[in-house]
Amino acid sequence: MIPKTSGRPPALWKHHATRKTRAAYSTITVLASFLAMSPVAQGADPAEGRKLATQCKTCHGLDGIAKIPIAPNLAGESQIYIEKQLKAFRSGKREHEMMSLVAKNLTDQQISDLAAWYQSIEITAKMPE
Ligand code: HEC
């Protein structure tokens, strides 16, 4: 572990490494909390999502009830799930001829807004007798 050619006494090297490690950890902590907070800081806006959802309504309906049989209902679906799927379509992790095209140009903010819109729609379920 300790490079023989460093010429530094092991104790000093260790001390140095610890300081460096600590600095790296605090950078990671700051970064992580920034990333964790950023969606909250920007705020997912369902009203903006509603406007954006005009792009989705032919298939998913503005109200999130699908208009074509191959598209899923999005009404009441959790924001977390919708965001995850849209990001997966955008990155290519999930593929679909229609959705891959739709998601390609969406920003993180637009994805959050859209997801907030569809999540905000209240649905009720009625089981068959
Ligand atoms: C041309 C039709 C079409 C349009 C427009 C469209 N979608 Fe889709 N969407 C689909 C289909 C079809 C699927 C099912 C994909 C599959 O089978 O994997 C889907 C799947 C999804 C899923 C995954 C849902 C799940 O249950 O996993 C989300 C989220 C989604 N669409 C959101 C959107 C949003 C938001 C928009 C508008 C920005 C949009 N879609 C526009 C057809 C469409």
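Residues numbered from 1 in each chain as written. Predicted model: local features only at pLDDT ≥ 70, side-chain atom pairs only at ≥ 80, totals over all residues.

### Points about the overall build of the protein
Applicable threshold: The numbering of helices and of strands both runs from the N terminus, where a helix is a DSSP run of H or I of at least 4 residues and a strand a run of E of at least 2. Between the buried cut of 20 or more and the exposed cut of 12 or fewer other C-beta atoms within 10 Å of a residue's own C-beta lies the partly exposed class, and all C-beta atoms are placed from the backbone.
Along its length, the protein carries 6 helices and 0 strands. Start at the N end of the protein and walk to the C end: the helices and strands fall as α-α-α-α-α-α. Scored against the burial criterion, the 129 residues of the protein give a buried share of 17%.

### With respect to the nonpolar core
Formally: A set of buried Ala, Val, Leu, Ile, Met, Phe, Trp, Tyr and Cys residues, joined through C-beta atoms within 7 Å, is what we mean by a nonpolar core.
I82, L86, L114, A115, W117 and Y118 are the most contacted members of the largest nonpolar core, which totals 14 residues. Those elements that place two or more of their residues in this core are α4 (79-91) and α6 (108-120).

### Remarks on the site of the ligand
Quick note on the threshold: Using the backbone to place each C-beta atom, any residue with that atom within 6 Å of a molecule or strand is considered near it. Residues were grouped as follows: Ala, Val, Leu, Ile, Met, Phe, Trp, Tyr, Cys and Pro as nonpolar; Asp, Glu, Lys and Arg as charged; and all remaining residues, including Gly, as polar.
For the ligand, the set of nearby residues contains 17 residues, the closest of which are C56, C59, P72, Q85 and H96. Secondary structure elements with two or more residues in the shell around the ligand: α3 (57-60), α4 and α5 (99-104). Broken down by class, the residue content of the shell around the ligand amounts to 12 nonpolar, 5 polar and no charged.

### Re the environment of K51
Mapped onto the fold, K51 is located in helix α2 (residues 46-52). A sequence separation of 62 residues divides K51 from D113, and the C-alpha atoms of the two residues are 9.3 Å apart.

### Re the environment of A75
Let me state the cut-off plainly: Here the contact rule is simple: place C-beta atoms from the backbone, and any two residues whose C-beta atoms are within 7 Å are in contact.
Secondary-structure assignment places A75 in the loop between α3 and α4. For the pair A75 and I121, spaced 46 residues apart in the sequence, the C-alpha separation amounts to 5.4 Å. Apart from the residues within four sequence positions on either side, A75 is in contact with D63, G64, I65, Y118, I121 and I123.

### Regarding the environment of S78
Here S78 is to be found in the loop between α3 and α4. Put simply, S78 and Y118 are 40 residues apart on the chain and 7.9 Å apart in space, counted from C-alpha to C-alpha.

### Considering α4
Which entries qualify depends on this criterion: Multiplying 1.5 Å by the residue count of a helix minus one yields the expected span of that helix. Note that the arc is computed from the directions linking the helix axis to the C-beta atoms.
Spanning 13 residues, α4 covers 18 Å between terminal C-alpha atoms, matching the ideal 18 Å at 1.5 Å per step. For α4, the set of buried residues is Q79, I82, Q85, L86 and F89. Down the axis of α4, the smallest arc covering the buried residues is 135°, so these residues share one side. Exposed side of α4, more than 90 degrees from the buried face: I80 and S91 are the residues found there.

### A short note on the confidence of the model for the protein
Spelled out, the test is: Confidence scores per residue from the predictor, reported as pLDDT, run from 0 to 100.
Residues at a pLDDT of 70 or more form 67% of the protein, whose mean pLDDT is 83. In the predicted structure, residues 37-41 sits below a pLDDT of 50 and forms 2 contacts with residues beyond four places in sequence or in another chain.

### A closer look at the packing of α4 against α6
Worth spelling out the cut-off: In this analysis, axes come from line fits to C-alpha atoms, helices being fitted only over the stretch in contact, and the angle between any two N-to-C directions falls in the range 0 to 180 degrees. Angles are sorted into four bins: roughly parallel if under 35 degrees, roughly antiparallel if over 145, roughly perpendicular if 65 to 115, and oblique for all others. Should the near helix be turned anticlockwise from the far one by less than a right angle, the crossing is left-handed, and should it be turned clockwise, the crossing is right-handed.
Put simply, α4 and α6 touch, their axes get as near as 8 Å, and they point 140° apart. For the element pair α4 / α6, the angle class is oblique. When you trace α4 past α6, the crossing you get is right-handed. Between α4 and α6, the contacting residues are Q79, I82, E83, L86 and K87 on the first element and I111, S112, L114, A115, A116, Y118 and Q119 on the second. Residue classes in the contact of α4 with α6 are distributed as 7 nonpolar, 3 polar and 2 charged.

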